[in-house]
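So you can see what is in the structure, the chains are spelled out below.
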Amino acid sequence: MARAADNTPAAPDGGRTLLLALAAVGGALLVVLVHPMVGLSVSASALVVLVLRRRFGVAAGAALVGGIVATALASLSTYIVFVPLMGVPVTARVPYVHAAWIAGSLAIAGLLSPWLLRRLSALQTAALVAFLLSVTEVGVLMLLASGAGMGLSEYVLTGAREMVGLVGMAEEYGDIFATSWPAMLVVLNMFAALFTVVAASTAGSRLDPRIEPFPALADVDLDPRLVLLAIGSIALLAVGRLTATSVPVIEVLGMNLLVVTRMVFLLQGVAVFAGLYRRANLSWPMRAMGYALLGATEMFVPAISLTGLADVWLNLRRLPRDGATPEGPTGTPGSDDPTQY
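These numbers were taken from a predicted model, which means no experiment stands behind them. (Residues numbered from 1 in each chain as written. Predicted model: local features only at pLDDT ≥ 70, side-chain atom pairs only at ≥ 80, totals over all residues. Heavy atoms only, no water.)

**Student:** I would appreciate a short explanation of the overall build of the protein in the present structure.
**Tutor:** Looking only at helices and strands, one finds 12 helices and 2 strands in the protein. Order of helices (α) and strands (β) in the protein, N terminus to C terminus: α-α-α-α-β-β-α-α-α-α-α-α-α-α. The proportion of buried residues among the 341 residues of the protein is 40%. A separation of at least 24 residues holds for 71% of the contacts in the protein among residues at least 6 apart in sequence. Of the accessible surface of the protein, which amounts to about 17,500 Å², a share of 69% is contributed by carbon and sulfur atoms. (Helix = DSSP H or I, 4+ residues; strand = E, 2+ residues; numbered from the N terminus. Buried < 20%, exposed > 50% of the residue type's maximum accessible area, 1.4 Å probe, protein only. Contact = heavy atoms within 4.5 Å. Areas by Shrake-Rupley, 256 points an atom, 1.4 Å probe, with all protein chains shown as cover.)

**Student:** Mind showing me how you'd approach the environment of R161 here?
**Tutor:** The topology assignment puts R161 in helix α7 (residues 152–167). Relative accessible area serves as the criterion here: at 45%, R161 is assigned to the partly exposed category. Here the alpha-carbon distance between R161 and M86, two residues 75 residues apart in the chain, equals 9.0 Å.

**Student:** Looking at this structure, how should I read the nonpolar core?
**Tutor:** Nonpolar side chains in soluble globular proteins tend to end up buried together. Ranked by size, the top nonpolar core spans 79 residues in total, and within it F82, I102, L144, Y155 and F177 carry the most contacts. Look past the residues within four positions of F177 in its chain and what remains in contact with it is F82, V83, V156, L157, A160 and M184. (Core = buried A, V, L, I, M, F, W, Y, C linked by side-chain atoms within 4.5 Å.)

**Student:** Help me out: how do you make sense of unusual backbone geometry in this one?
**Tutor:** As a rule of thumb, non-glycine residues mostly have phi less than zero, and peptide bonds are mostly trans rather than cis. The phi angle at R54 is positive, at roughly 65°, despite the residue not being glycine. Although it is not a glycine, F82 adopts a positive phi angle of roughly 70°. The residue F82 is located in the loop between β1 (80–81) and β2 (83–84) in this model. Taking the relative accessible area as the measure of exposure, F82 reaches 16% and is therefore buried.

**Student:** What am I meant to see in the pattern of salt bridges here?
**Tutor:** Side chains that carry opposite charge are capable of pairing whenever their charged atoms lie near each other. Enumeration over the complete set of coordinates arrives at 8 salt bridges. D208 is paired through a salt bridge with R210; the nearest N and O atoms lie 3.1 Å apart. The class of R210 is partly exposed, set by a relative accessible area of 43%. Between R225 and D223 there is a salt bridge, with its nearest N and O atoms 2.6 Å apart. (Salt bridge = Lys/Arg side-chain N within 4 Å of Asp/Glu carboxyl O.)

**Student:** So what exactly am I meant to see when it comes to the packing of aromatic side chains here?
**Tutor:** One pair of aromatic rings is described through two measures. These are the centre distance and the angle between the planes. Following the criterion strictly, the structure yields 2 aromatic pairs and no others. Note on F82 and W181: the rings are 6.3 Å apart at their centroids and 45° apart in plane angle, and the pair reads as tilted. You can see F82 sitting in the loop between β1 and β2 and its partner W181 sitting in helix α8 (residues 171–205), a full 99 residues away along the chain. Here R287 stacks its cationic end above the ring of W284, 5.0 Å away from the centre of that ring. (Phe/Tyr/Trp six-rings, centres within 6.5 Å; stacked < 30°, edge-to-face > 60°. Lys NZ or Arg CZ within 6 Å of the ring centre and 35° of its normal.)

**Student:** Which parts of the structure should I look at to understand the confidence of the model for the protein?
**Tutor:** Parts of the prediction with low pLDDT should not have their coordinates interpreted in detail. Across the protein, pLDDT averages 85, with 86% of residues at or above 70. Residue range residues 1–6 is modelled with pLDDT below 50. Its contacts to residues more than four positions away, or to other chains, number 2 contacts. Low pLDDT (under 50) marks residues 323–341, which in the prediction has 24 contacts with non-local residues, meaning those over four places away or in another chain. (pLDDT = per-residue confidence, 0-100.)

**Student:** Explanation requested: a nonpolar patch on the surface in the structure shown.
**Tutor:** On the surface, L33, V34, V38 and V42 cluster together into a nonpolar patch covering about 320 Å² of accessible area. Within the element layout of this structure, V34 appears in the loop between α2 (14–33) and α3 (36–52). Its relative accessible area of 51% is what places V34 among the exposed residues. (Patch = residues over 30% accessible without salt bridge, like charges linked within 9 Å, V, L, I, M, F, W, Y side chains within 5 Å.)

**Student:** How do you make sense of the packing of helix α4 (residues 56–75) against helix α5 (residues 94–117) when you look at a structure like this?
**Tutor:** What describes two packed helices is the angle between their axes and the distance between those same axes. α5 packs onto α4 with a crossing angle of 140° between their chain directions and a minimal axis gap of 8 Å. One finds that α4 runs oblique with respect to α5. Considering how the two elements wind past one another, α4 and α5 form a crossing that is right-handed. When α4 is examined against α5, the residues A59, A60, A63, L64, G66, G67, I68, A70, T71 and A74 are found in contact with a partner set consisting of P95, H98, A99, I102, A103, L106 and L111. Looking at the contact of α4 with α5, its residues break down into 13 nonpolar, 4 polar and no charged. (Axes fitted to C-alpha atoms, helices over the stretch in contact; angles between N-to-C directions. Parallel < 35°, antiparallel > 145°, perpendicular 65-115°, else oblique. Left-handed = near helix turned anticlockwise from the far one by under 90°. Nonpolar A, V, L, I, M, F, W, Y, C, P; charged D, E, K, R; others polar.)

This is the structure in structure tokens:
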């Protein structure tokens, strides 16, 4: 009877366990070779399966080995923690901190996320994972900066300016980075968390009925309370402009919060257009072109993120919220008329 109530699948055979562990380590290498959003999602998929198959020790060992192997690979070229560690002292603590950062990130993405997905929605899990990854990365940068005898901002900007100089970018980009790097760090971790939780929830939903798969893009709907981010960022910018000479940090904080807020509502805006594409029954090539056009548009005008903000506030898609059922075109609950939106 107890066995029937246990929804956790039995442990896999040794060969499959080894393959999953190797996939997790391979994902850690992709963190260094490609980008954390790619590497973490690959590792998370494998680690989630190991955790759900009760191979906790193997999963933890794979995360640790992944951190060590990825750090060994980084030592052959350049250590990267948000920015390449170029133009800054590479002290004796760097390899240890770097290995701990990758192992810790893998633990958050692959070991903690299954526990969170059993208790929270996929979107809530993604938000929490992004927060934890950002806090971890800032802590790592603080450790590295203190070891080099530098302040956090000085350390990050030195590495960024060295990178800008090597790739031949204009010095103006370095000046922009000087005030907006905290927002950039959070945004990159948001994307990494999003891809990670998509991969983890997809793998986990097949093994544990308590884990829901990530919603289809057209069904993504953020918490309406997130409009407070937009209100708060605008308020900080307004106060910062009034007190710019005495408290310039307020304006900088407002600007960084606005950048993060824009990326949050960009997801909702893309979801609005994904719903339109689905109702129009567009082919995947046409949808891909549409998404590319949305990205190009957002680079110049925040039209997509503003659409997302309006949808969060006004529920333009009439999605069910708080247990309510959306009304159809004639007021009939649950109507699926594809001509209505």
